[in-house]
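What follows is the residue order along each chain.
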Amino acid sequence: DLHRRRPGARPRRRQGRMMAANLPPWRQLVGIPLNVLLFLTLMVLAWGSWTGFVAHPARAGVIVLHLAMIPIMTLSTSGRSKGLEHAPDWRPFFPLLVFHSLFTAVAMPMLDARGLWVLPGGDVLRWTGLALMAAGVVLRLGPMAALGRRFASVVALQPDHALATTGWYARVRHPSYLGILLMDLGFVGVFRCGPGVLLLPVVLWMFKRRMDVEEEFMLRRFGDEYRAYVARTARLVPGVY
């Protein structure tokens, strides 16, 4: 009988259902790649042309780094899932985040392409910026890959959520946010953006408020375990903050 299943083998239909159940929702599968591609498209349009944008390898590197982020961001995380329980964000956080993204995607390349308010340093600054951005991408993606579906872009408790205190989280409570800050420094360097330096304290303040919300939520959910973790770790940089 050619259709007889091997002992212990699962029916193909059941395997298909299990694979589908492990996939993120379609909005995440479509939304995250589209957001990244829209961000990159705005950068190129703001510069003025594709050939002009990629003429410098550091700017081409920005595109490569962002494309490399898509699979882990899309397939490994819970996206914007509110899970079993979530904490409302600080209200100005999302509008400020939109402004931050648009400034980075539009203003920075536009000013650089026209030579307006650029920082000194030339190619050294551009390559330093790309190196900082690459370090930020690693710090952003590493925690995503480690936490998997426990990682979400909202402050939420996901199914089977356990407190992470090792690996990426052994010494720093918010390595992913540190990654974002390094990426912002990288953008300032790659595009030599003087006004971008003024934006950095605003970004730090935004994420300081987000960390306040997140840590208050974690204290409510994990109590003394999280309190002990806070006592032995830094928020972003050991010995500094």
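Per-chain numbering applies: the sequence of each chain, read as written, is numbered from 1 onward. Only residues with pLDDT of at least 70 get local features here, since the model is predicted, and only at 80 or more are side-chain atom pairs given and counted; chain-wide, interface and lining totals rely on the full set of residues. Each side-chain value is worked out from all heavy atoms of the structure, with water and hydrogens disregarded.

**Thoughts on the overall build of the chain**
- A helix here means a DSSP run of H or I that spans at least four residues, while a strand means a run of E at least two residues long, and both kinds are numbered starting from the N terminus. Helix and strand counts for the chain stand at eight helices and two strands.
- The order of helices and strands in the chain, counted from the N terminus, is α-α-α-α-β-α-α-β-α-α.
- Its C-alpha atoms put the chain at 70 × 55 × 30 Å along the principal axes.
- The rule is simple: take the accessible area with a 1.4 Å probe, protein chains only, and divide by the maximum for that residue type; under 20% is buried, over 50% is exposed, in between is partly exposed. Relative to its 241 residues, the chain shows a buried fraction of 44%.
- For the chain, the exposed surface amounts to about 13,600 Å²; the carbon and sulfur share of it is 64%.
- Counted charges follow a simple rule, with Lys and Arg positive, Asp and Glu negative, and His plus the chain ends left uncounted. A single reference atom marks each charge: NZ on Lys, CZ on Arg, CG on Asp, CD on Glu. On the chain, the mean spot of the 29 positive side-chain charges and the mean spot of the 13 negative ones are 8 Å from each other. A 1.4 Å probe and the Shrake-Rupley method give the accessible areas. Residues count as covered only by the protein chains that appear here.

**A look at the pattern of salt bridges**
- One speaks of a salt bridge when a side-chain nitrogen belonging to Lys or Arg is within 4 Å of a carboxyl oxygen belonging to Asp or Glu. One pass over the full model with this rule turns up 10 salt bridges.
- Ionic pairing is found between R221 and E85, a salt bridge with its closest N-O pair at 3.2 Å. With R221 in helix 8 (residues 194-231) and E85 in strand 1 (residues 85-86), this residue pair connects regions lying 136 residues apart in the sequence.
- When its relative accessible area of 40% is taken as the criterion, R221 is described as partly exposed.
- Residues participating in the shared-partner salt-bridge network are R173, K208, D212, E215 and R235.

**Observations regarding the packing of aromatic side chains**
- Side-chain rings of Phe, Tyr and Trp, where Trp is taken by its six-membered ring, are said to pair if the distance between their centres is within 6.5 Å; with planes under 30 degrees apart they count as stacked, over 60 as edge-to-face, and otherwise as tilted. Per the counting criterion, the structure on display carries nine aromatic pairs.
- When the centroid spacing of 5.8 Å and the interplanar angle of 50° are considered together, the rings of Y226 and Y229 count as tilted. Taken together, the positions of Y226 and Y229, both in helix 8 and three residues apart, correspond to about one turn of that helix. The pair Y226 / Y229 is uniform in exposure class, with both members buried.
- Taken together, F39, W47, F53, F187 and F191 form an aromatic cluster joined through their ring pairs.
- Over the ring of W47 we find R59; its NZ or CZ atom is 3.9 Å from the centre of that ring. When the NZ atom of lysine or the CZ atom of arginine is within 6 Å of a ring's centre and also within 35 degrees of its normal, the charge is said to sit over that ring.

**Quick word on helix 6 (residues 122-147)**
- Every helix has an expected span of 1.5 Å times one less than the residues it contains. With 26 residues, helix 6 should reach 38 Å at 1.5 Å per residue; the first-to-last C-alpha distance of 38 Å fits that figure.
- Of the residues trailing helix 6, G148 is marked for its positive phi of about 60°.

**Examining unusual backbone geometry**
- One non-glycine residue, W117, lies in the positive phi region at around 55°.
- Looking at the secondary structure, you find W117 in the loop between helix 5 (93-113) and helix 6.
- Of note in the backbone geometry, D160 takes a positive phi value of approximately 60° without being a glycine.
- Relative to the assigned elements, D160 resides in the loop between strand 2 (156-157) and helix 7 (175-190).
- Exposure remark for D160: the relative accessible area of 76% places this residue in the exposed category.

**Observations regarding the environment of R27**
- Inspection of the secondary structure puts R27 in helix 2 (residues 26-47).
- Taking the C-alpha atoms as reference points, R27 and G79, separated by 52 residues in sequence, lie 9.3 Å from one another.

**A few points about a nonpolar patch on the surface**
- Patch membership is restricted to residues that have no salt bridge and whose relative accessible area is over 30%. Joining uses 9 Å for like charges and 5 Å for the nonpolar side chains Val, Leu, Ile, Met, Phe, Trp and Tyr. On the surface, W26, V30, L34, L37 and L67 cluster together into a nonpolar patch covering about 500 Å² of accessible area.
- In terms of residues, the nonpolar patch owes the most to one element, helix 2, which gives four residues.
- Locating V30 in the fold gives a position in helix 2.
- Classification of V30 as partly exposed rests on a relative accessible area of 42%.

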